[in-house]
Amino acid sequence: MSGTALKLAVVAGEVSGDLLGGDLVAALKLRHDGPVELVGVGGDALEAQGLKSLFDYSELSIMGFAQVIKRLPKLLARIRETADAIIAAKPDALLIIDSPDFTHRVAKRVRLALPNLPVINYVCPSVWAWKEYRAQKMLAYVDHVLALLPFEPAAMQRLGGPTTTYVGHRLTSDPNILETRRRRSLREVSSPDSLKTIMLLPGSRSAEIRQLLPVFQQAVEEFSRRNKNVRYLLPTVPRQEKLVRGLVAGWTIQPEIFVGQEDKWKAFAEADAAMAASGTVILELALAGVPVVSTYKTELLATFVLSRIKTWTAALPNLIADYAVVPELINTTLRWGWVARAMERLSNDTLERTTMLAGYDLVWQRMQTETPPGDHAAAILLDVLARKK
């Protein structure tokens, strides 16, 4: 393919996927001896690499059953529009990134019209957690899966899905993570009588913030009754600042509210321990070396969905280590008194803290790769393309 143009169709449905796509395309341009043309849907990172997105991909960031139903006709129209544009462009390959409810539907339509087109799926769908049948169905429209988590290739093989390769996770090379790890390595564990710094991370979605903050408030009050010298940090995102400030306004013990990425990582570096909403942030905390208790509280419909999940844990560090590194408190097991006492054990030089940090070391080790994720992903894309020629 030396010197020839490479036309890549790419579909990313949210910010995290756009960043992954941007990294991959940047690496692809270094590996491919010729121009790389892009067509499809993405955001700032992909547009910086030359993509002219078919539409504003923020339209795809929909949460909640009611929102999906309300906007379903528009979403279906966007799926058709995206697939038709890709088919008309006749690309050399199609890269779909995360957001499977959108990207996989696009891929299915494209595969019907262009049956020989190589299709690469970046970010393995969580088939190992629920709806396992999706793995085998992917064989009809995906040639190769690029996984972010080291246990996913074996899970996909067990479920009979497409060939899957662990390419690494961008968090392991994130400058914020690396700097936070460095700063925390220089710290000494606080003594029982010294100032304790506890971080509160109630999530980034309105529903989970509303569900978790009342529990966190009680945990804060209990912890402060038992410990006299405490500082509480509450990082949040700009779009949720008003909600968070409103919900904590009546607290007798006021946390310091941090807004934005820079302040978030400052809090990560300073915290002795954290109580956090279940999600990607638990992996961020593990990689940064912050002891944490993972919490989640759901409404009735979400509880029904949770009951259908097959995996033994929702905490990514646990899945990567293959044992319970991080304790999880969900719904009826989420008790503020338990959280407060866990913060005591994890913020002091205890066996619990030492054991958790040893688990974090194992997670870090298992997530390492020889090459950066974007470069590894680009190499596989080119290999799949060569084999399909």
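Located above this text is the structure these notes cover.
Residues numbered from 1 in each chain as written. Predicted model: local features only at pLDDT ≥ 70, side-chain atom pairs only at ≥ 80, totals over all residues. Heavy atoms only, no water.

Participant: Lay out the nonpolar core with the relevant residues and their values.
Facilitator: Note that soluble globular proteins tend to have their nonpolar side chains buried in a common cluster. Core analysis: the biggest nonpolar cluster contains 96 residues, and Tyr122 and Leu285 have the highest contact counts within it. Here the element with the most residues in this core is helix α8 (residues 206-226); it accounts for eight residues. If we ignore the near neighbours within four places in the chain, the residues touching Leu285 are Met199, Leu201, Phe268, Ala274, Ala276, Val290, Val292 and Tyr360. Of all hydrophobic cores here, the second largest spans 31 residues; its members include Tyr57, Ala83, Val119 and Met138. (Core = buried A, V, L, I, M, F, W, Y, C linked by side-chain atoms within 4.5 Å. Buried < 20%, exposed > 50% of the residue type's maximum accessible area, 1.4 Å probe, protein only. Helix = DSSP H or I, 4+ residues; strand = E, 2+ residues; numbered from the N terminus. Contact = heavy atoms within 4.5 Å.)

Participant: Mind laying out unusual backbone geometry, listing which residues take part and the relevant values?
Facilitator: The phi dihedral of Asp98 falls on the positive side, at around 55°, and the residue is not glycine. The residue Val123 is not glycine, and still its phi comes out positive at about 90°. As for its placement among the helices and strands, Val123 is situated in the loop between β4 (119-122) and α5 (134-137).

Participant: Which residues make up the packing of aromatic side chains, and what values do they have?
Facilitator: Counting across every chain of the model gives four aromatic pairs. Taking the centre distance of 6.3 Å and the plane angle of 80° together, the rings of Phe55 and Phe102 count as edge-to-face. Of this pair, Phe55 sits in the loop between α2 (44-48) and α3 (65-89) while Phe102 sits in helix α4 (residues 100-113), placing them 47 residues apart in sequence. Accessibility assignment for this pair places Phe55 and Phe102 in one class, buried. (Phe/Tyr/Trp six-rings, centres within 6.5 Å; stacked < 30°, edge-to-face > 60°.)

Participant: Explain the pairing of strand β6 (residues 163-166) to me, and be specific about the residues and the numbers.
Facilitator: Here β6 shows a buried face lined by Thr164 and Tyr166 and an unburied face lined by Thr163 and Thr165. Across four bridges, strand β5 (residues 144-147) lies against β6 in parallel orientation. The partner of His144 across the bridge, within β6, is Thr163. (Pairing = 2+ DSSP bridges.)

Participant: Run through the sheet that holds strand β11 (residues 292-296), naming residues and quoting values.
Facilitator: Strand order in the open sheet formed by six strands is β9-β8-β7-β10-β11-β12, and the pairing between neighbours is parallel. Strands with a single pairing partner mark the edges of an open sheet, and in this sheet they are β9 (256-259) and β12 (328-330). Looking at each pair of strands side by side, their axes are set apart by 20° on average, direction ignored. Pairing analysis gives four bridges linking strand β10 (residues 273-277) to β11, with the strands arranged parallel. Looking at β11, one finds that Ala274 is bridged to Val292. (Axes fitted to C-alpha atoms, helices over the stretch in contact; angles between N-to-C directions.)

Participant: Can you tell me about the layout of surface pockets, naming the residues and giving the values?
Facilitator: Considering only enclosed or pocket space, the second largest pocket measures out at about 290 Å³ in volume. Together, 14 residues line the second largest pocket, and Arg184, Ser185, Ala288, Gly289 and Leu357 are the ones closest to its centre. For the lining of the second largest pocket, the secondary structure elements donating two or more residues are α7 (175-185), α11 (280-288) and α15 (351-367). The element contributing the most residues to the lining of the second largest pocket is α15, with four residues. Here the residues of the lining of the second largest pocket are counted per class, giving five nonpolar, two polar and seven charged. (1 Å grid on protein atoms, 1.4 Å probe; cavity = no way out; pocket = protein on both sides within 12 Å on 5 of 7 lines; lining within 4 Å. Points joined across faces, edges and corners; volume = space filled by probe spheres on them. Nonpolar A, V, L, I, M, F, W, Y, C, P; charged D, E, K, R; others polar.)

Participant: Explain α8 to me, and be specific about the residues and the numbers.
Facilitator: In this model α8 runs 30 Å from its N-terminal to its C-terminal C-alpha over 21 residues, within 8% of the 30 Å that 1.5 Å per residue would give. A bend of about 30° at Leu212 is the largest found in α8, and the proline Pro214 appears one to four places after it. Glu208, Ile209, Gln211, Leu212, Leu213, Val215, Phe216, Ala219, Val220, Glu222, Phe223 and Ser224 are the residues of α8 that are buried. Along its buried surface, α8 packs onto β7 (196-201), β8 (230-236), α9 (241-248), β10, β11 and α14 (336-347). (Expected span 1.5 Å × (residues − 1). Bend = angle between axes of the 7 residues up to and from the residue.)

Participant: Give a detailed account of the side chain of Asn348, specifying residues and quantitative values.
Facilitator: Tracing the sequence through the fold places Asn348 in the loop between α14 and α15. You can call Asn348 buried: its relative accessible area is 14%. Of note is the side chain of Asn348, whose polar atom sits 2.9 Å from the backbone oxygen of Glu344. If sequence neighbours within four positions are ignored, Asn348 has contacts with Val189, Ser190, Ser191, Pro192, Lys196 and Arg353. (Polar contact = N/O pair within 3.5 Å; in protein donor to acceptor, adjacent residues only side chain to side chain.)

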